[in-house]
Amino acid sequence: MIVLFVLAQGTAMGAEEKRPYKIGSVFSYTGPGAFLGDRMKTTVEMMVESMNKKGGINGHQIQLTVYDAASEVTKGVTAANRLITQDQVDIISGAGNMSGISLALKPVANRNQIPIIANTGALAIVDPIEESRWMFKSHLSDREIIGKAIEYWNSKKITKVAMLSDTTGFGKSARDELRLQEPNSGIKVVSWEEFDMNATDLTPQLTRIRSAEPEVILFWTVAASGVVIMKNARQMGMKQTLMSGFGFVVPRFMTMAGEAAEGCVLVSLRYPVGPQLPDADPCKKVILQYTEEYKAKYGSEPDVYGAEAYDGMLMAFEAFKMAKSFDKEKLRDALENLNFIGTNGVYNKFSPKRHYGLTKDDAVVFEWRGGDWKLLMGAETR
Amino acid sequence: MSELLQFAFSGIMIGSVYGLVAVGFCIVYNATEAINFAQGEFVMLGGMMAAVIFKSWGWPLPLVFFLAVTAALLLGLICEKMTFGLCRDPRVLNLIIVTIGLAIAMKGAVMMIWGKFPKDLPAFSGEKPLFVLGATLMPQAIWIVLISVAVMLFMRFFLEKTTLGTGMRAAAADKVAASLVGIPVRWVSTLSFGIAAGIGAVAGVTLTPVTLTSYDHGTMMGLKGFCAAILGGMGNVYGGFLGGIVLGVVEAFAAGWGSSGYREVVAFLCLILILFIRPSGILGETGRERIAKI
């Protein structure tokens, strides 16, 4: 009897040891944020499939479960809870691809003590670090992007800027960042305006901006209202350069805005201008390899958001590789010590005090000209 | 001064669209006493179909406009037959809930068929702005206002001066009496739905060059149009249109002078205020006539 019992325990533990690594993902692939989440979902599915074909990680197969947050905070939180309680995942890579959702998942991560990797911008996701033990970012935060924008403005001797941000977590975070960095930056924000993400007419806000006479208009959203901004501004005869951040790197939006998008400057991660990067850039190889793999499987090209999810999933893979365990605490510790080359940078700046791996030197500036991105200011990764 | 004018232009343009949507609500309400909460989705559908037809075949815009509106009208007729027509207990409350279901179904169907990405349509006569006293006016805005006013006037003419229109109003006033004098009450309901759908589509097609359209565009449009209809007096075509203009202008000025982030709140604030102060709306019937109906 006792022998049988011990044997049974042994096989039970053996089964437990060999079970697949379970990764959960929450992406918004419907709703206004859908164009961001779409490539993210297909990218991580491709990665898991190809990793499993190569034999998995540490001999374990990977089981991926993806849920849709539909661009809504409540749905995102429900999806995460489902992944944790129902699907019992070991780690979550992908926090709704919208800052508002990722922020809402922080208490979920803390309560359930499970690491969550977010592919979104807002700094508040991993700051203050004392409250963000379980949250990690594969992405730059708006702190770095705004910082790079200021660097760009300084290099072009631009001093007067208008800020037109949407009222989501993403927009508000950027607005706060700009306010924080404005003193002693060499630039002055002459107009602060806000708009609803689903707005269809931005002429009132642009009218007020026009009276303030900025040299550049920085608009901040991920939604189609950005296209309306570009069109409205040009229709109103405003000649200022239009700039936006890493949430608006969408060629389709640019073509929709037509002439109005010509010369639109974006501050972003380096993926979209991958082929234009110097060969010495360590990420170039990873970028080209990812693009090729994605094209081979899906027949279309990925985009910078897919690349962010790629890096986010690499983070999860590396965590499993290093920790060699299902233990969430061990995975969490591993995430604080990552060191690998992704599509958007060399991820080696993680530490117990810093839960995102990229710096301002990983940001690039490019513009939309003649139907494609043109690199203006490169990355300075070491 | 130019700022004020800019806000006014923006407000009147979007207000005309709200007004058209409100007219659509009025038509269906007049014929069936029900609020058609799928009205906003027909606006979205009009714009969507026009954008898809144009992208796929590149036909001239007037043809695309005509096709989109006709398609929406037919779809409206079919939807009514399939929903209200099959309703075993056509009480007003049931009909309203049916329209909510229809709205959700339409939105989902469009999302599945045409995807989540926004779609655009070229402006009817180009995008070169006109400059009026320091404010810019887009030609498309003029199209929107002209077409909306034309449709509104046509609807008023239709309801008051044509036999069919008078028959519709009779059926709305008293179904039993109307059927006694030979008015096909069921058919009136179907027709009203079709007309409302067509009007919604007109609003959608004219607005899409300015705002783009996507599968979730209809919900807000429907809500704003509903507010406009209540504001102006539910059931009164002129009132609905006026309500739309008032709503659009108040919104534009609130965004321009006040906090631009809370523009959307204004519509619903207006609704609450009008319901407190004058529930029958600006041009609506007062309590007197309502009791007389019983």
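Residues numbered from 1 in each chain as written. Chains lettered and ligands numbered in written order. Predicted model: local features only at pLDDT ≥ 70, side-chain atom pairs only at ≥ 80, totals over all residues.

**Digging into the sheet that holds strand β3 (residues 91-95) of chain A**
Residue and element names in this part refer to chain A. Spatially, the five strands line up as an open sheet ordered β2-β1-β3-β4-β5, and their pairing is parallel. The strands lining the two open edges of the sheet, one partner per strand, are β2 (62-68) and β5 (135-137). When strand polarity is set aside, the average angle formed by the axes of neighbouring strands in this sheet is 25 degrees. As judged from the three bridges shared by strand β1 (residues 21-27) and β3, these two strands associate in the parallel manner. In the strand pairing of β3, G24 is matched with I92. (Pairing = 2+ DSSP bridges. Helix = DSSP H or I, 4+ residues; strand = E, 2+ residues; numbered from the N terminus. Axes fitted to C-alpha atoms, helices over the stretch in contact; angles between N-to-C directions.)

**Side note on the domain arrangement of chain A**
Residues and elements named next belong to chain A. According to the domain assignment, chain A contains domain 1 (2-140 + 283-360) and domain 2 (143-268). Here domain 1 and domain 2 have C-alpha centroids that lie 31 Å from each other. Residue-level contacts link 17 residues of domain 1 with 19 residues of domain 2. At the level of secondary structure, the elements contributing two or more residues to the side of domain 1 that touches domain 2 comprise α2 (34-53) and α4 (99-112). (Domains from an automatic or database assignment. Contact = placed C-beta atoms within 7 Å.)

**A few points about the pairing of strand β10 (residues 265-268) of chain A**
Residues and elements named next belong to chain A. Alternating positions in β10 separate into two faces, V265 and V267 on one and L266 and S268 on the other, with burial throughout. Note: strand β9 (residues 241-244) against β10, two bridges, orientation parallel. Bridge pairing in β10 places M243 opposite V265. What joins β9 to β10 is helix α9 (residues 251-257), and the crossover it makes is right-handed. Note that β10 and strand β13 (residues 364-369) share four bridges and pair antiparallel. Bridge pairing in β13 places V267 opposite V365. (Buried ≥ 20, exposed ≤ 12 C-beta atoms within 10 Å, placed from the backbone. Right-handed = clockwise from strand over helix to strand, strands pointing away.)

**Observations concerning the interface of chain A and chain B**
On the side of chain B, 25 residues touch chain A, which itself brings 26 residues to the contact. It is helix α7 (residues 203-212) of chain A that provides the largest number of residues to the side of chain A that touches chain B, a total of six residues. When grouped by side-chain class, the residues that make up the side of chain A that touches chain B number ten nonpolar, ten polar and six charged. (Nonpolar A, V, L, I, M, F, W, Y, C, P; charged D, E, K, R; others polar.)

**A few points about the environment of D196(A)**
Note on placement: D196(A) falls in the loop between β7 (188-195) and α7. C-alpha of D196(A) to C-alpha of T85(A): the two residues are 111 residues apart in sequence and 34 Å apart in space.

**Section: the pairing of strand β6 (residues 160-166) of chain A**
Regular strands place their side chains on alternate faces of the sheet. Residue and element names in this part refer to chain A. Of all seven residues in β6, six are buried; the element is thus mostly enclosed. Sheet topology note: the β6/β7 ladder contains seven bridges and is parallel. Opposite D166, over in β7, you have F195 as the bridge partner. The parallel pair β6 and β7, bridged by helix α6 (residues 169-181), forms a crossover whose chirality is right-handed. Summarising the sheet, β6 and strand β8 (residues 216-220) pair through five bridges and their orientation is parallel. Of the residues in β8, the one forming a bridge with A162 is I217.

**Thoughts on the confidence of the model for chain A**
Confidence in the prediction for chain A averages 89 pLDDT; 95% of positions are at 70 or higher. The least confident element of chain A, judged by mean pLDDT, is helix α1 (residues 2-18) of chain A at 59; the most confident is β8(A) at 96. (pLDDT = per-residue confidence, 0-100.)

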